[in-house]
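Architecture and fold: a report
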2 protein chains.
Amino acid sequence: MEREHPAQLWPTEEEDAPGDSKPARLGRSLLSSSMVGSANRGRVLQALFDLGPTSRAELARLAGVNRTTISGIVQPLLDQQVLVEGRPIRPSEAGGKPARPLWFSPDARPICGMLLMPDAVHTCLVTLEGSISALESERFPEERPQIADVRSAIERCTTRTLASARREPLGIGVAVGGMVDTDRRAVIAVNLAPVLNDFELGDMLTKRFGLPALLDHHPRALLVGDRWFGKGRGQQTFAAVYTGEVLGGALYLGGHLYRGQSGAGGELGHTFVQVDGDLCSCGRRGCWETIATLGWLRRQARAIGIDDPDAIDSGRLVALTKAGSSGAAALLDLYARNVAVGIANLQQTVAPNFYILHGDVVGGGEFMAEAIAGHVRALVPSRSGGEISFAIGETEDRAALLGAAGLVLSELLQFPL
Amino acid sequence: MEREHPAQLWPTEEEDAPGDSKPARLGRSLLSSSMVGSANRGRVLQALFDLGPTSRAELARLAGVNRTTISGIVQPLLDQQVLVEGRPIRPSEAGGKPARPLWFSPDARPICGMLLMPDAVHTCLVTLEGSISALESERFPEERPQIADVRSAIERCTTRTLASARREPLGIGVAVGGMVDTDRRAVIAVNLAPVLNDFELGDMLTKRFGLPALLDHHPRALLVGDRWFGKGRGQQTFAAVYTGEVLGGALYLGGHLYRGQSGAGGELGHTFVQVDGDLCSCGRRGCWETIATLGWLRRQARAIGIDDPDAIDSGRLVALTKAGSSGAAALLDLYARNVAVGIANLQQTVAPNFYILHGDVVGGGEFMAEAIAGHVRALVPSRSGGEISFAIGETEDRAALLGAAGLVLSELLQFPL
DNA sequence: AATGTTTGTGCGAGCCTCAAACTAACAAGA
DNA sequence: TCTTGTTAGTTTGAGGCTCGCACAAACATT
């Protein structure tokens, strides 16, 4: 792996150091001509992601700019082997010079994606085309792991993955199954793994591997994975919703990943849907998590006498329903309704209008998604311009790692205006 | 009122006509040099709003740009009398040439603010400094009003207000007490005033008065009023929450007013906080409106035997509590808690961290706001970087009209990047 | 009166996009 | 086969904008 300049996709601005010494910014500061260059380069690349292989002329038409502009932006990217020209496309019957579609080079620098869970770490390389390779995993010691164990496990895993990279990765993106401070790039807390509390993983990775590193929590990573590599491709506004043992969500609003202060927001699991309802693990009452998690589903399954209730999930529930179990059908409907309640609230609050479902629901397939969609539509007062649509995310393992890589991509493509 | 070029604050771009003929945009299209000019002009003006009167050198320092850049931006604005130079400020003891603070000229073109309620219309002029003048009102006929009556009432009212304008206003902003389609600039529906349903007010105003006209619903107008003229001045992310006979909210996220598809979003009143709870006016059960409106408060007041329960509101509730009524104190606490539930959900979902309270709560003053704030803080799981703060908005009449004017201002200052 | 400091203004350089002209590569038809 | 029409991509010069530098203006201090 030869050594390259750290950030060449969006070249050589000195990045705002964490301890930014500049005085409080005026809004965000003003634009300069060179920023226009960076921003437009990012937008062209983003358009390529959204459209798939596209010629310069087509890009120029869609953007409403001059062809020469696109050529000027694209040429350096071709030189850097970020992009390549595909084979000429037959012109229409009107004739004309064949267009050469541009697409991401397989030889472009990859991104390292990392998934940090309570019990293990997974790493891989992701190309700009969205293919995964060099997948590695490392489990943490089960008995009272020390932070040193965790650090060395992460280091080993990452080292193995990076060894497969032919070019230096653009950065490392980490999806964390817990709370994250995106500013400090640190893990705040991970349920069931107190060893990870207050763990400055971002700094560690940057120091150890000399690469930019970004952390975010799991649902937000799923969202950006969907945005660049999945069903959210090309969407300007949508939400990702994760269900399972816990609930979470993330928002992509007006072409930007939304993060609240230091990465808050999207903590949907602990919104109230049943004031003074059942006790939640957070100590409050009536959180959405009390009625829409797998834990709730298991309790209900047991109550109505479904076989092996501890192993119930959307997949089995759909199978039982299709096999004719009326009890399962009723439970599925109630579960779908309960999930839909939280989504309906999100729809009323920010109206993303498009939802990508992740987690347990994926196992239930289209059937489950349709059940939820139906309830959401019934629970949201109708409104003009408000068709609500749903999609199912990638399978769990791929989604999270693509998402982790997507965090880096978001940072590279979204020039901060 | 002499005739001027329609949009001179942000001068002479041909605006995107409503029936924009350009093909589907690439994300949003690329930046050009001239857009940099417009965007930077907008940002400088925004900074002036946020900072108050400020010299060129100071602006340049805060923005981290060259002084000449600011001079270049500001000079045309001085020529157009958008800005004026204030009197020189004494230099510090270090000496130096006295700075000349820039501020909005009282002779700058004003904005026409309009508030459309079920029973009446109110109009006024708002200067860029935020002062209100030429206030006019017109009531609609009480018995079965026809749309023609409403149109002529609005025209008369607007004409009287505009007659007082020394320069042609920059535009007309309308706050509507009901549902709005911001794209079509039309009223969709107003509770209790079916005559207003599907009323294309924006087009009518533009045709009749030759001015740009913008509509938005009431809570969103309150938010932008706060942003430019009120407690939200200079904030990058915050929320406005309206309580009273109905509930509503609006979001300012990352320096931009947030609108969902065709102006949805912020319809907090019909988020679920009590699944299968009391029947709501919308036909669903357990909406936030069933536990946090004045209607709920009146029912509770009657139930516990408070004097004149039909006239209860935050103001009286606080007064009774301070006078020592334990029943009122308990009711106040419950009311504050119920309001806090919806805010806590909003905090968990988008984490704006700063809330400006409008509507009934304003009458209860700091006491009421503190009660709500306390409950919100208790209802939100604690989290790093998450101090939640509250402010009380302007009194109802001023807030809505300033907000309506703020809609126009947002459009002028936020150059769409 | 001299010195130091800060504000605001010309001037040329650099970066970026745009318009127009030009070359390259194809289809269709005489 | 040759001409015409069409589309893709490149070259070149013009115009906008910001930046750095130098300079005049206006103040405080000594």
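Reading the values: the criteria
- Residues numbered from 1 in each chain as written.
- Chains lettered and ligands numbered in written order.
- Predicted model: local features only at pLDDT ≥ 70, side-chain atom pairs only at ≥ 80, totals over all residues.
- Heavy atoms only, no water.
- Near = heavy atom within 4 Å.
- Polar contact = N/O pair within 3.5 Å; in protein donor to acceptor, adjacent residues only side chain to side chain.
- Helix = DSSP H or I, 4+ residues; strand = E, 2+ residues; numbered from the N terminus.
- Nonpolar A, V, L, I, M, F, W, Y, C, P; charged D, E, K, R; others polar.
- Buried < 20%, exposed > 50% of the residue type's maximum accessible area, 1.4 Å probe, protein only.
- Lys, Arg positive; Asp, Glu negative; His and termini not counted.
- Salt bridge = Lys/Arg side-chain N within 4 Å of Asp/Glu carboxyl O.
- Contact = heavy atoms within 4.5 Å.
- Domains from an automatic or database assignment.
- Buried area = accessible area lost by both parts, 1.4 Å probe.
- Least-squares fit on C-alpha atoms with pLDDT ≥ 70 in both.
- Pairing = 2+ DSSP bridges.

Surrounding DNA strand D, one finds 33 residues, the nearest of these being Thr68(A), Ser71(A), Gly96(A), Lys97(A) and Thr69(B). Atoms of DNA strand D within 4 Å of the protein: sugar and phosphate make up 64%, bases the balance. One of the side-chain N or O atoms of Arg67(A) is found 2.8 Å from a base oxygen in DNA strand D. Lys97(B) places a polar main-chain atom, nitrogen or oxygen, 3.3 Å from a base nitrogen of DNA strand D. Listing elements by their share of the surface near DNA strand D, those giving two or more residues are α2 (56-63) and α3 (67-79) of chain A together with α1 (33-51) and α3 (67-79) of chain B. In terms of residue class, the surface near DNA strand D is made up of 9 nonpolar, 16 polar and 8 charged.

Residues and elements named next belong to chain A. Checked against the element boundaries, Asp 360 lands in helix α11 (residues 360-379). The side chain of Asp 360 sits in the buried core without any salt bridge; Arg 298 is the nearest counter-charge, 8.4 Å away. A distance of 2.7 Å separates the side chain of Asp 360 from the side chain of Tyr 335, its partner in a polar contact. If we ignore the near neighbours within four places in the chain, the residues touching Asp 360 are Thr 243, Gly 244, Leu 294, Asp 313, Ser 314 and Tyr 335.

Relative to the assigned elements, Leu31(B) resides in the segment before α1. Measuring from C-alpha to C-alpha, the distance between Leu31(B) and Lys231(B) comes to 33 Å, with 200 residues separating the pair along the chain.

To continue, consider the domain arrangement of chain A. We note that the domain assignment places domain 1 (33-104), domain 2 (111-224 + 400-413) and domain 3 (234-393) within chain A. Measuring from the centre of the C-alpha atoms in domain 1 of chain A to the corresponding centre in domain 3 of chain A gives 40 Å.

This part covers the interface of chain A and chain B. Quite often, the size of an interface is put as the accessible area lost when its parts meet. Residue-level contacts link 68 residues of chain A with 68 residues of chain B. The junction of chain A with chain B conceals about 5700 Å² of combined surface from both sides, 56% of it contributed by carbon and sulfur atoms. Taken together, chain A and chain B are joined by 2 salt bridges. We note a salt bridge from Arg337(B) to Asp276(A), for which the minimum N-O separation is 3.4 Å. Connecting chain A to chain B are 24 residue pairs in polar contact (both at pLDDT 80 or more). Residue assignment for the side of chain A that touches chain B shows that the elements contributing at least two residues are α1 (33-51), α2, α3, β7 (179-181), β11 (248-253), α10 (326-350) and α11 of chain A. The leading source of residues in the side of chain A that touches chain B is α10(A), at 8 residues. Of the residues that constitute the side of chain A that touches chain B, the class distribution is 36 nonpolar, 22 polar and 10 charged.

Let's shift gears to the pattern of salt bridges. Residues and elements named next belong to chain B. Under the defined criterion, the tally for this structure stands at 40 salt bridges over all chains. Where Arg 220 meets Asp 216, a salt bridge forms, and the shortest distance between an N and an O atom there is 2.9 Å. Like Arg 220, the residue Asp 216 is buried in the burial classification. Residues Arg 398 and Glu 394 are paired through a salt bridge, measuring 3.0 Å at the closest nitrogen-oxygen approach.

Turning our attention to the relation of the copies chain A and chain B. Mapping between the two copies of the chain is achieved by a rotation about an axis and a shift along the axis. Here chain A sits on chain B after a turn of 180° about the axis and a move of 0.0 Å along it, with an RMSD of 0.1 Å. Such a combination of rotation and displacement between the chain copies is what one expects of a two-fold axis. Of the residues that chain A buries at the interface, 100% are likewise interface residues in chain B, meaning the two copies contact each other through the same surface.

Residues and elements named next belong to chain A. Here β11 lies mainly inside the structure; 6 of its 6 residues are buried. Because side chains alternate across β11, one face comprises the buried residues Gly 248, Ala 250 and Tyr 252, and the other comprises Gly 249, Leu 251 and Leu 253, equally buried. Of the pairings in the sheet, the one linking strand β10 (residues 238-243) to β11 comprises 5 bridges and is antiparallel in character. Opposite Val 241, over in β11, you have Gly 249 as the bridge partner. From the end of β10 to the start of β11, which pair antiparallel, there are 4 residues, and Gly 244 there has a positive phi angle of about 160°.

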